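What follows is each chain in one-letter form.
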Amino acid sequence: MRAPVLSANDIIARKQKGDSLTGAEIEWMVHGAASGRVPDYQISAFLMAVYFRGMSIRETRDLTAAMISSGKVLKLKTIKDIKVDKHSTGGVGDKISLILGPLVASVGVHVPMISGRSLGHTGGTLDKLESIPGFKTRLTAGAFERTVKKIGICIIGQTDEIAPADRKLYSIRDVTSTIICQPLIVGSILSKKIASGTDAVVFDIKCGEGAFMKSVREGRELAAFLSRVASQLGLKTSTILTSMEEPLGYCVGNAIEVRETVEVLRGRLIDDLLDVTLALGSEMVVLAGKAQSRKEATTLLRSALLGGKALQKFKQMVKAQGGDATIADNPRKLKLARHRTFVRAARSGFVADIDTLEVGRIATVLGAGRLKAGDRVDPRVGIEFLKKRGDPVRGREPMAIIYASSASAGRQAARGLRAAMRLSLRKPRPRPVVLGRV
Ligand code: URA
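Everything in this summary refers to the structure shown in the same document. Here the structure is a predicted model, which means the values were calculated and not measured.

Per the counting criterion, the structure on display carries 4 cavities of 30 Å³ or more. The space that makes up the largest cavity amounts to roughly 300 Å³. When residues of the lining of the largest cavity are traced back to their parent elements, those giving at least two are β1 (84-88), α6 (125-129), α8 (164-174) and α9 (182-195). Considering each element in turn, the lining of the largest cavity owes the most residues, 5 residues, to α9. Considered class by class, the residues forming the lining of the largest cavity number 5 nonpolar, 13 polar and 7 charged. In this model, the second largest cavity occupies a volume close to 100 Å³. Lining the second largest cavity we find 17 residues, and of these His121, Thr122, Gly123, Ala363 and Ala368 sit closest to its centre.

Given below as structure tokens:
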């Protein structure tokens, strides 16, 4: 029997009606997206149909498998150890991969990390790393494997070789309001992780206003979806739910987040960054078989961080990927935008809440993320919080600094940020950042 002739229009129409697509239809569409055979306007329509109609577990597994087979699947055979990666569903001020990757590698775990760029209002690890002069996030598969083998870690993006379909779909989802769709998130995350040749992944599912999953219930649902599809495709996983009700750390942007990363690696202990890093890191170390328990793993990681081993590993990684490793000795070498605007408190009180989604949007409009496909991010813009939730403020005291490319962009961002930082007369109760394990 002859195989039916497939067309993008028919596949879009079937999904639009709510039909279940066959594996062949999904593969045809996904491979067409990766190769350029299917034009962007049909990919957008397809993604929108999936956004409204969803996909079953079977369809999502087929989507993920097609995204994986759109490129090469690395085996990393030269690395005999168990390889473990981490992936976050995206947040604001989320520089955890930059701290965690080198930290975990510094205790002997091999970390082949494939990361993403900014997505919607959330920042991207690759954009942050590219603010380091010379740093390359596009390496050949061979160079990626050699670097992981030699120094224990390498962080790159989806390439023409590894998960090219994710690169295409991700860039279109970013600008067509089709990000918050569980099957598309699962396919995107798992395809690049499985194609990278890792044995296990620890997921950081962010929940809250500043995340794509707005509640812990949605976070748990995504965790179950991810782990079912992952296990059908032979990937070991473990999941931590973390809060995104407040930006992580004090900085949001690209160069400014690398600066903050280096400060943490040099011993500045910032509670929320440390809590999330150790929760994820201890899972990774146990999955890699380098510790018997999470408690033992946490002790190992703390001493690597405080003893400077993680900073050394970060330097090695930056150097191996062509970047200027001296920024790890002097993070001020990473230049920030010239126009600085202070955001001052309208009255005295406590910072009660920070509208994290709004903070992400403000950073994106400043140029730290993308408003349309192909936009270039400005590595130097960003936001530095001087006060966070629970901190006391006096009237007119600065609560944050905006780094903008023009004075008017700075003023506009400052107006938005003042409104996004709500004050109260009472000190708010502390909230945990690590919400649980799944
Ligand atoms: N991270 C990804 O890699 N993909 C998504 O869709 C969301 C977060």
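After that view of the structure, there is still more to cover.
So, on to the site of the ligand. Every residue close to the ligand is listed here: His87, Ser88, Thr89, Leu119, Tyr170, Arg173, Ile185, Ser188, Ile189 and Lys192. Contact distances for the ligand include 2.8 Å between an oxygen atom and a side-chain N or O atom of arginine 173. Side-chain polar atom of serine 188 to a nitrogen atom of the ligand: 2.7 Å apart, as the coordinates give it. Contact with the protein chains covers 97% of the free accessible surface of the ligand, which is 240 Å². Applying the majority rule of atoms within 2 Å of the grid points places the ligand in the largest cavity. Of all elements in the fold, only β1, α8 and α9 reach the threshold of two or more residues within the shell around the ligand. The element that contributes the greatest number of residues to the shell around the ligand is α9, accounting for 4 residues.

Moving on, we come to the pattern of salt bridges. The final tally for this structure, using the stated rule, is 34 salt bridges. Between aspartate 166 and lysine 192 there is a salt bridge, and its shortest N-O distance comes to 2.8 Å. Of this pair, aspartate 166 sits in helix α8 while lysine 192 sits in helix α9, and the two are 26 residues apart along the sequence. Assigned by exposure class, aspartate 166 and lysine 192 land together as buried. Among the salt bridges present, the one from arginine 422 reaches aspartate 353, with a minimum N-O distance of 3.4 Å.

On to the sheet that holds strand β9 (residues 382-385). Pairing in this open sheet of 4 strands is antiparallel, and the strands run β6-β9-β11-β7 from one edge to the other. Only two strands of the sheet have a single neighbouring strand rather than two, namely β6 (251-253) and β7 (339-344). For this sheet, the mean inter-axis angle between neighbouring strands, taken without regard to orientation, is 15 degrees. Where β6 lies against β9, 3 bridges are found, and the strand directions are antiparallel. Within β9, the residue paired with valine 252 across the bridge is isoleucine 383. The sheet strands contacting helix α15 (residues 356-368) are β6, β9 and β11 (398-404), and the helix crosses β9 at an angle near 135 degrees.

Turning next to the nonpolar core. One broad rule of soluble globular proteins: the nonpolar side chains tend to lie buried together. Ranked by size, the top nonpolar core spans 86 residues in total, and within it Phe314, Ile383, Phe385, Ile402 and Leu417 carry the most contacts. For this core, the element with the highest residue contribution is helix α12 (residues 271-287), accounting for 9 residues. When residues of this core are sorted by domain, at least three fall in each of domain 2 (84-331) and domain 3 (335-424). Filtering out sequence-adjacent residues up to four positions away, phenylalanine 385 remains in contact with Pro247, Tyr250, Val252, Ile354, Val359, Met399, Ala400, Leu417 and Met421. Ile68, Ala141, Phe144 and Phe225 belong to the second largest nonpolar core, which has 37 residues in total.

Reading the values: the criteria
Residues numbered from 1 in each chain as written. Predicted model: local features only at pLDDT ≥ 70, side-chain atom pairs only at ≥ 80, totals over all residues. Heavy atoms only, no water. 1 Å grid on protein atoms, 1.4 Å probe; cavity = no way out; pocket = protein on both sides within 12 Å on 5 of 7 lines; lining within 4 Å. Points joined across faces, edges and corners; volume = space filled by probe spheres on them. Helix = DSSP H or I, 4+ residues; strand = E, 2+ residues; numbered from the N terminus. Nonpolar A, V, L, I, M, F, W, Y, C, P; charged D, E, K, R; others polar. Near = heavy atom within 4 Å. Polar contact = N/O pair within 3.5 Å; in protein donor to acceptor, adjacent residues only side chain to side chain. Areas by Shrake-Rupley, 256 points an atom, 1.4 Å probe, with all protein chains shown as cover. Sits in = over half its atoms within 2 Å of the grid points. Salt bridge = Lys/Arg side-chain N within 4 Å of Asp/Glu carboxyl O. Buried < 20%, exposed > 50% of the residue type's maximum accessible area, 1.4 Å probe, protein only. Pairing = 2+ DSSP bridges. Axes fitted to C-alpha atoms, helices over the stretch in contact; angles between N-to-C directions. Contact = heavy atoms within 4.5 Å. Core = buried A, V, L, I, M, F, W, Y, C linked by side-chain atoms within 4.5 Å. Domains from an automatic or database assignment.

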